[in-house]
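Each chain, letter by letter, is given below.
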Amino acid sequence: MSSALTDLLPLPIVQAPMAGGISVPQLAAAVSDAGGLGFLAAGYKTVDGMYQEIKQLRGLTSRPFGVNLFMPVLEHPDPAAVDVYAHQLAGEAAWYETELGDPDSGRDDGYDTKLAVLLDNPVPAVSFHFGVPTPEALVALRRVGTLTLVTATTVEEALAVERAGADAVIAQGVEAGGHQGTHRDLPGAERAGTGLLSLVAQVREAVALPIVAAGGIMRGSQIAALLAVGASAAQLGTAFLATPESGAHVLHKQALTDPLYVRTELTRAFSGRPARGLVNRFVREHGPYAPAAYPDVHHLTAPLRKAAAKAGDAQAMSLWAGQGHRMARELPAGRLVEVLAGELAAARTALSDLPAQGGAL
């Protein structure tokens, strides 16, 4: 494992920061205490909400942890397209007896203020999604002792991460659940993407940064394969979503292994940006027509998603999940880290034995 990460995680296992109330302090603490690196998700939270969760997490563990920030959105969508989508969703609002949200509720997620708080109250690691921070921001974080990681979904994005001066790159494959961390959201992005194993190998040849692999990872044997092609660690989200410490809605947890949900899909239906989730009624009916308009659509559908959850209707909830969701295990988070570590060790032993076995044939 790269020396830049060794001090933070004895095991090459990172718990993905899942926004929307999933990556709560209890989950991050359990993962960190077990030898992985737990993460909080600051996305969609107020600045004070982020600070309070950091404070709570520090009271739960003495181990290193990280905080994830969403980069401000640069694209400005067509307001007319958002209006058309709002009209299409009027029936949903009536059905769930709620109002649609205000699409103009903010575009920067309080990024500057959150970054300032993290500079004044340093945490061991900070990761970034949806773009690359300025070199000045990365230098400032390094000065206060914070390791920086930035998501990339292509080799070109990984090169941009390296040029900016980040400490590590998170190579996110198309298999990943939740939002793709593309630096720009271009039309048609929901139909593109590179598989994780191929992406890690390509990024390894292009940049000198340590690589954290992310996307559909559910078993220690998969981690072993990714380490073999050049990753320093693996980031798992869906695998931890089903744990009791996860803040995910019970319907979300149950849906991961429910035979009713046969596949995942990249969709703009809930947020206006490509995100992988279980295909439910809402995705089928609205996904084909959702505009490229993040975070406008996210704000627009927020009351609908909340009302559906309150009504116990998973068919209109954003059930984010990676392609390996059927392999989810309902284990305590700390125990899951232990199991993954055991599987990783077994896979490495099996790989090391292959030459000897081959010579005996």
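Residues numbered from 1 in each chain as written. Predicted model: local features only at pLDDT ≥ 70, side-chain atom pairs only at ≥ 80, totals over all residues. Heavy atoms only, no water.

## Describing helix α10 (residues 220–228)
Along an α-helix, residues three or four positions apart point the same way, because every turn accommodates 3.6 residues. Definition in use: Categorising residues by exposure relies on relative accessible area from a 1.4 Å probe, with only protein chains included: less than 20% of the type maximum marks a residue as buried, more than 50% marks it as exposed, and the intermediate range marks it as partly exposed. The numbering of helices and of strands both runs from the N terminus, where a helix is a DSSP run of H or I of at least 4 residues and a strand a run of E of at least 2. Working definition: the arc comes from the directions between the helix axis and the C-beta atoms, pointing outward to the latter.
Residues of α10 that are buried include every one of G220, I223, A224, L226 and L227, and no others. Looking straight down α10, one finds that the buried residues subtend no more than 165 degrees of arc, so they occupy a single side.

## As for the packing of helix α4 (residues 79–88) against helix α14 (residues 296–310)
Heads up, the rule is: Every axis in this analysis is a line fitted to C-alpha atoms, fitted for helices over the stretch in contact. Angles between the N-to-C directions lie between 0 and 180 degrees. Orientation categories follow fixed angle ranges, with anything under 35 degrees roughly parallel, anything over 145 roughly antiparallel, 65 to 115 roughly perpendicular, and all other angles oblique. Whether a crossing is left-handed or right-handed is set by the direction in which the near helix is turned from the far one by less than a right angle, anticlockwise for left-handed and clockwise for right-handed. Between two residues, a contact is recorded if the distance between any of their heavy atoms is within 4.5 Å. Any residue outside Ala, Val, Leu, Ile, Met, Phe, Trp, Tyr, Cys, Pro, Asp, Glu, Lys and Arg is labelled polar, Gly included; the first ten of those are nonpolar and the last four are charged.
Contact geometry for α4 and α14: axes closest at 11 Å, N-to-C directions at 20 degrees. It follows from the interaxial angle that α4 and α14 lie roughly parallel. Two packed elements cross with a definite hand, and for α4 against α14 that hand is right-handed. Facing V82, Y85 and A86 of α4, the residues of α14 in contact are D296, V297 and L300. Looking at the contact of α4 with α14, its residues break down into five nonpolar, no polar and one charged.

## A few points about the sheet that holds strand β10 (residues 264–267)
The line we're drawing: Two strands are counted as paired when DSSP detects at least two bridges linking them.
In space, the three strands of this open sheet follow the order β7-β11-β10, with antiparallel pairing throughout. Edge positions in the open sheet fall to β7 (178–179) and β10, since each of these has one partner strand only.

## Some remarks on the environment of V297
Looking at where V297 falls in the secondary structure, it is placed in helix α14. Once the C-alpha coordinates of V297 and F270 are considered, the two residues, 27 residues apart in sequence, prove to be 6.5 Å apart. Leave out the neighbours within four places in its chain, and V297 touches Y85, R268, A269, F270, S271, G272 and P291.

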